[in-house]
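Residue strings, one per chain:
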Amino acid sequence: MDNEVVDLINKIKEKYAAQGQNFKSYLEGLLYQDYTHYWDYIAVDSLLTLQKPKTLIPDEMIFIIYHQITELYFKLSLHELEQIASAKNNISVQFFTDRVRRINAYFKNLANSFEIMVDGMEPEQFLKFRMSLLPASGFQSAQYRMIEMYATSFERLVAKDKREELKDKSIEEQFKYIYWQAGATETDTGNKTLTLTKFEQKYGDELLRLAKTNKACNLWAIYESLNETDKQNQDLIAELRNLDLNVNVNWPLMHYKSAVKYLQKPKEDVAATGGTNWQKYLPPRFQLRIFYPELFTQDELTNWGKF
Ligand code: HEM
């Protein structure tokens, strides 16, 4: 037998021996094992059964699939964020920068493709199928909130009017005033919508746990723990700034555009969101969610979300 093959077989033997496994049994398994096919590996058939419209209105399919695409990009972003968090104690600037750059690529794609929502559905169809989905809203995307909790220290996610006052308080205390409490409230009464109440019931505990776990391993904490030379790395700073702008300005602006397109009428808002305060809540210039204010100039901070 050719030497390379013998060498490979020996290495495989060692691999199984290290786990106390019988190499010959695995070799026999290989004999019967089927080839890997694209459709199995990518789980195409399962993937394509995950779209379950609530109505017979054709454009609802676009709405579902685009949300699913977004959630997959969110999953990719979390995959990178988790790797950064795990490497926190001996992370290299290169690794850190490369991972943040990847997340930026995902968010750039999301912002650039949002026209699929803005221009890709007939408003008449949207306004009809949307009524069958209440009280569901993208507001209930837990991955979106998790990305923020990995990206920055928790006090930055406190509602802007409470941010300064609560900056040294416990995470539990800050959590009560997390910025999203101001969204999905009813314009008329100021009460929480069912959208918000149900979201908190389902994810509140899990998100609070994550906030606590991430105290020392969110991106800002890790950046702060770098030595002075690494902290000055311009590539890293540029990627962190881009991340802040992508997650807190570029994507939210595109998203807001879709809300304006479908839900805003000259005199009254369409009731399709359950009468929420979305116009006051969604624009980045009102929310002023900023992950890394230290990395922006005063002028940039003053004009946040206005470009
Ligand atoms: C036609 C398309 C869309 C419209 C009209 C729309 C509308 C809205 C509105 C009005 C809100 C405020 C909360 C509420 O009243 O329910 C909201 C929040 C939200 N939506 Fe959408 N949305 C659209 C597409 C999407 C997509 C594709 C995603 C992707 C997951 C998404 C994710 C979110 C998130 C994460 C929030 C919370 C934002 C925050 O808290 O700052 N939306 N959306």
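Our subject is the structure listed above.
Residues numbered from 1 in each chain as written. Predicted model: local features only at pLDDT ≥ 70, side-chain atom pairs only at ≥ 80, totals over all residues. Heavy atoms only, no water.

J.: It is not clear to me how the overall build of the protein chain should be interpreted in this structure. Could you clarify?
T.: Helices and strands together make up the secondary structure of the protein chain, namely 17 helices and zero strands. Across its three principal directions, the C-alpha atoms of the protein chain cover 80 × 55 × 35 Å. Here the protein chain holds 307 residues, and 41% of them are scored as buried. Of the roughly 18000 Å² of accessible surface on the protein chain, 54% is carried by carbon and sulfur atoms. Of note, the protein chain has its 38 positive side-chain charges centred 4 Å away from the centre of its 42 negative side-chain charges. (Helix = DSSP H or I, 4+ residues; strand = E, 2+ residues; numbered from the N terminus. Buried < 20%, exposed > 50% of the residue type's maximum accessible area, 1.4 Å probe, protein only. Areas by Shrake-Rupley, 256 points an atom, 1.4 Å probe, with all protein chains shown as cover. Lys, Arg positive; Asp, Glu negative; His and termini not counted. Charge placed at Lys NZ, Arg CZ, Asp CG, Glu CD.)

J.: Which parts of the structure should I look at to understand the packing of helix α6 (residues 93-113) against helix α14 (residues 234-263)?
T.: Packed helices, taken two at a time, are described by their axes: the angle between them and the distance between them. Interhelical geometry of α6 versus α14 gives an angle of 20° and a closest axis separation of 9 Å. Relative to α14, the element α6 is oriented roughly parallel. Between α6 and α14 lies a crossing of left-handed hand. Between α6, through Val93, Phe96, Thr97, Val100, Arg101, Ile103, Asn104, Phe107, Lys108, Leu110 and Ala111, and α14, the contact on the second element is made entirely by Asp235, Leu236, Glu239, Leu240, Asn242, Leu243, Asn246, Val247, Asn250, Trp251 and Met254. Residue composition of the contact of α6 with α14, by class: 13 nonpolar, five polar and four charged. (Axes fitted to C-alpha atoms, helices over the stretch in contact; angles between N-to-C directions. Parallel < 35°, antiparallel > 145°, perpendicular 65-115°, else oblique. Left-handed = near helix turned anticlockwise from the far one by under 90°. Contact = heavy atoms within 4.5 Å. Nonpolar A, V, L, I, M, F, W, Y, C, P; charged D, E, K, R; others polar.)

J.: Sorry if this is basic, but what is going on with the pattern of salt bridges here?
T.: Note that side chains of opposite charge can pair when their charged atoms are close. Here the structure, examined in full by the defined rule, presents 15 salt bridges. Note that Glu239 and Arg101 form a salt bridge whose closest N and O atoms lie 3.2 Å from each other. Residue Glu239 is located in helix α14, and its partner Arg101 is located in helix α6; the two are separated by 138 residues in the primary sequence. Under the relative-accessibility criterion, Glu239 is labelled buried at 11%. (Salt bridge = Lys/Arg side-chain N within 4 Å of Asp/Glu carboxyl O.)

J.: Sorry if this is basic, but what is going on with the coordination of the iron atom of the ligand here?
T.: Geometrically, a metal with four donors at the corners of a regular tetrahedron has ideal angles of 109.5 degrees, and one with six donors at the corners of a regular octahedron has ideal angles of 90 or 180 degrees. Of all protein atoms, just one serves as a donor to the iron atom of the ligand, and that atom is His255 (NE2), at 2.0 Å. As for its placement among the helices and strands, His255 is situated in helix α14. (Donors = N, O, S within 2.8 Å, 3.2 Å for Na, K, Ca; no water.)

J.: Looking at this structure, I do not really get α14. What am I missing?
T.: Residue pairs three or four apart in sequence face the same way in an α-helix, which turns once every 3.6 residues. Compared with an ideal rise of 1.5 Å per residue, which puts 30 residues at 44 Å, α14 spans 41 Å between its outermost C-alpha atoms and is within 8% of the ideal. By the largest-angle criterion, Asn246 marks the main kink of α14, which is about 45°. (Expected span 1.5 Å × (residues − 1). Bend = angle between axes of the 7 residues up to and from the residue.)

J.: Would you take a moment to explain the nonpolar core for this structure?
T.: Counting 73 residues, the largest nonpolar core has Phe96, Met149, Trp180, Leu219, Tyr223 and Tyr292 as the members making the most contacts within it. Residue contributions to this core peak at 12 residues, all from α14. Contacts of Phe96, omitting those with residues within four sequence positions, involve Ile84, Ile91, Leu219, Ile222, Tyr223, Leu226 and Leu236. (Core = buried A, V, L, I, M, F, W, Y, C linked by side-chain atoms within 4.5 Å.)

J.: I'm lost on the environment of Ser86 in this one. Help?
T.: On the secondary structure map, Ser86 appears in helix α5 (residues 60-86). Accessibility expressed as a relative area gives 67% for Ser86, which makes it exposed. With 171 residues separating them along the chain, Ser86 and Lys257 place their C-alpha atoms 36 Å apart.

J.: Explanation requested: the site of the ligand in the structure shown.
T.: In the region of the ligand, 27 residues are neighbours, and Ser137, Arg145, His255, Thr276 and Tyr281 sit closest. Contact between the ligand and Gln287: an oxygen atom at 3.4 Å from a side-chain N or O atom of the residue. Taken together, the elements giving at least two residues each to the shell around the ligand come down to α5, α9 (142-151), α14 and α15 (278-281). Ranked by residues supplied to the shell around the ligand, first place goes to α14 with six residues. (Near = heavy atom within 4 Å. Polar contact = N/O pair within 3.5 Å; in protein donor to acceptor, adjacent residues only side chain to side chain.)

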